[in-house]
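Structural features, examined
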Amino acid sequence: MTTGSAVVLGATGQVGRAAVRALAADGWEVRALSRGGGRDGNWPEGVRAVRADREDDTALAAALGDGCDVLVDMVAYGSGHARQLKGFADRIGSAVVISSGAVYADDEGRSFDTQGEPGGFPRYPVPIPETQPTVPPGEASYSTRKVALEQELLAAGAALPTTLLRAGAIHGPYCRTPRELYFVKRALDERPVRVLAYGGRSRFHPVHVANLAELIRLAARTPGSRVLNAGDPEAPTVTEIGAAIDRVLGHHSESVLLEGGPSSGSVGETPWTAEHPVVYDMAAAERELGYRAVTSYEDSLPATVEWLAGQLSGREWTDAFPKMAAQYAPNGDLFGYAEEDAWLKEHGWGAN
């Protein structure tokens, strides 16, 4: 007996793969849409893979056909995509759309958009509730476009009930910009130390793809117009993350802790580095959806690390993860070992 019909946009991306699997296991009849029309080897045979580019309204309309009970959108971004979905509201029972925790602003208006400015690091409440103010909607940045998406879809109300999931730092296999790469590569390169700014206390709340897929599954079963945070049951510090990855790989490295921010250049900076903690309140998801995480950060790490090591085997990390390489290029090499060694020597540590 099927739960209903589901259409997943961006089905072969990192989150889409897990969401299709979770929905199919829950009894949904799933159409998995992607530009290539490919399949994940872990999907059951009943999942129907469909080639469709969400930027092509005609192709999307054809893929929707007579409609679906729930549409899950991994790639919606900005008011244009929101209007596109609203245009198909008569064919969609409800929607679940991935947003981002980057939408939040602190009480002084600082956000992820301002953290590179002097004094621009946001100081959020711990944990951040969904009632925390956001940046204004607009086209200026990733954050403002996600807010525009949210506001446009929420304005649809009962015409298209939409659950927007404000995801934390997404982790797991198939990520194009995996933060865990920072420590995995260092361990594989047998680096003996890691330099961590802000005393290694930085926290950027992660969410594993399986936990995000569980939230999608629950929201599909309980339609409504709402925004909910999406996070793991814990928000480890960057020091704890580095140590956990070392344990998976049987490596040991010493943490050199800076009490301030990164040194000149990028020594001490990691993909999690932030002056103040970013931790999302999960009480609303637990209350409204009955959400319970299906995995923890540490329990999920072995599969992530194995996948990352496999991607790095026999090639440069910049070839394995070109999007991540481009993301960090403006601020220097993500693995600037020479710069780090020079800094360690200058400060009397000696990396070798």
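Anything mentioned here points back to the structure above.
Residues numbered from 1 in each chain as written. Predicted model: local features only at pLDDT ≥ 70, side-chain atom pairs only at ≥ 80, totals over all residues. Heavy atoms only, no water.

**Examining the pairing of strand β5 (residues 92-100)**
Regular strands have side chains that alternate between both faces of the sheet. Taken across its 9 residues, β5 has 8 buried, putting it largely inside the fold. Sheet topology note: the strand β4 (residues 68-73)/β5 ladder contains 5 bridges and is parallel. Each residue of the ladder has a partner; that of V70, found in β5, is S94. One crossover worth recording links β4 to the parallel β5 by way of helix α3 (residues 79-87), and it is right-handed. Examined bridge by bridge, β5 and strand β6 (residues 162-167) share 6 bridges and lie parallel to one another. The residue bridging V97 from the neighbouring strand is L164, located in β6. Once you follow β5 into helix α4 (residues 142-154) and on to β6, the crossover reads as right-handed. (Buried < 20%, exposed > 50% of the residue type's maximum accessible area, 1.4 Å probe, protein only. Helix = DSSP H or I, 4+ residues; strand = E, 2+ residues; numbered from the N terminus. Pairing = 2+ DSSP bridges. Right-handed = clockwise from strand over helix to strand, strands pointing away.)

**Focus: the packing of α3 against α4**
As a packed pair, α3 and α4 sit with axes 7 Å apart at the nearest point and diverge in direction by 25°. Judged by the inter-axis angle, α3 sits roughly parallel to α4. The way α3 lies across α4 gives a crossing that is right-handed. On α4, the residues touching S79, A82, R83, L85 and K86 of α3 are A148, L149, E152 and L153. Residue classes in the contact of α3 with α4 are distributed as 5 nonpolar, 1 polar and 3 charged. (Axes fitted to C-alpha atoms, helices over the stretch in contact; angles between N-to-C directions. Parallel < 35°, antiparallel > 145°, perpendicular 65-115°, else oblique. Left-handed = near helix turned anticlockwise from the far one by under 90°. Contact = heavy atoms within 4.5 Å. Nonpolar A, V, L, I, M, F, W, Y, C, P; charged D, E, K, R; others polar.)

**Details of the packing of helix α7 (residues 238-249) against helix α9 (residues 297-312)**
Axis separation between α7 and α9 bottoms out at 10 Å; the angle between their running directions is 55°. When the axis of α7 is compared with that of α9, the two are oblique. Here the hand of the crossing between α7 and α9 comes out right-handed. Residues I241, A244, I245, R247, V248 and L249 of α7 form the contact with α9, whose own contacting residues are Y297, E298, L301, P302 and V305. A breakdown of the residues in the contact of α7 with α9 according to their chemical character gives 9 nonpolar, no polar and 2 charged.

**Points about the sheet that holds strand β10 (residues 226-230)**
Taken in spatial order, the 7 strands line up as β3-β2-β1-β4-β5-β6-β10 in an open sheet, and their pairing is parallel. Of all the strands in the sheet, the pair left with one neighbour each is β3 (48-51) and β10. Between one strand axis and the next, the sheet turns through 20° on average, direction left out of account. Both strand β2 (residues 28-34) and β3 contribute to a ladder of 4 bridges, which runs parallel. Bridge pairing in β3 places S34 opposite R51. Helix α1 (residues 14-25) contacts β1 (4-9), β2 and β4 of the sheet and is inclined by roughly 165° relative to β2. Of the strands in this sheet, β5, β6 and β10 touch α4, which is tilted by about 160° from β5.

**Some details on the side chain of T270**
When you line up the elements, T270 lands in the loop between β11 (254-257) and α8 (283-289). Once you skip the residues sitting within four places of it in the chain, T270 turns out to touch Y182, L196 and V238.

**With respect to a negative patch on the surface**
On the surface, D53, E55, D56 and D57 cluster together to form a negatively charged patch. Mapped onto the secondary structure, D56 falls in the loop between β3 and α2 (57-64). (Patch = residues over 30% accessible without salt bridge, like charges linked within 9 Å, V, L, I, M, F, W, Y side chains within 5 Å. Areas by Shrake-Rupley, 256 points an atom, 1.4 Å probe, with all protein chains shown as cover. Salt bridge = Lys/Arg side-chain N within 4 Å of Asp/Glu carboxyl O. Lys, Arg positive; Asp, Glu negative; His and termini not counted. Charge placed at Lys NZ, Arg CZ, Asp CG, Glu CD.)

**Comments concerning the pairing of strand β8 (residues 193-196)**
Neither face of β8 is exposed, since V193 and V195 on one face and R194 and L196 on the opposite face are all buried. Bridge count for β8 against β11 is 4 bridges, and the pairing is parallel. Each bridged residue has a counterpart across the sheet, and for V195 the counterpart in β11 is V256.

By themselves, these observations are geometric and do not establish any function.
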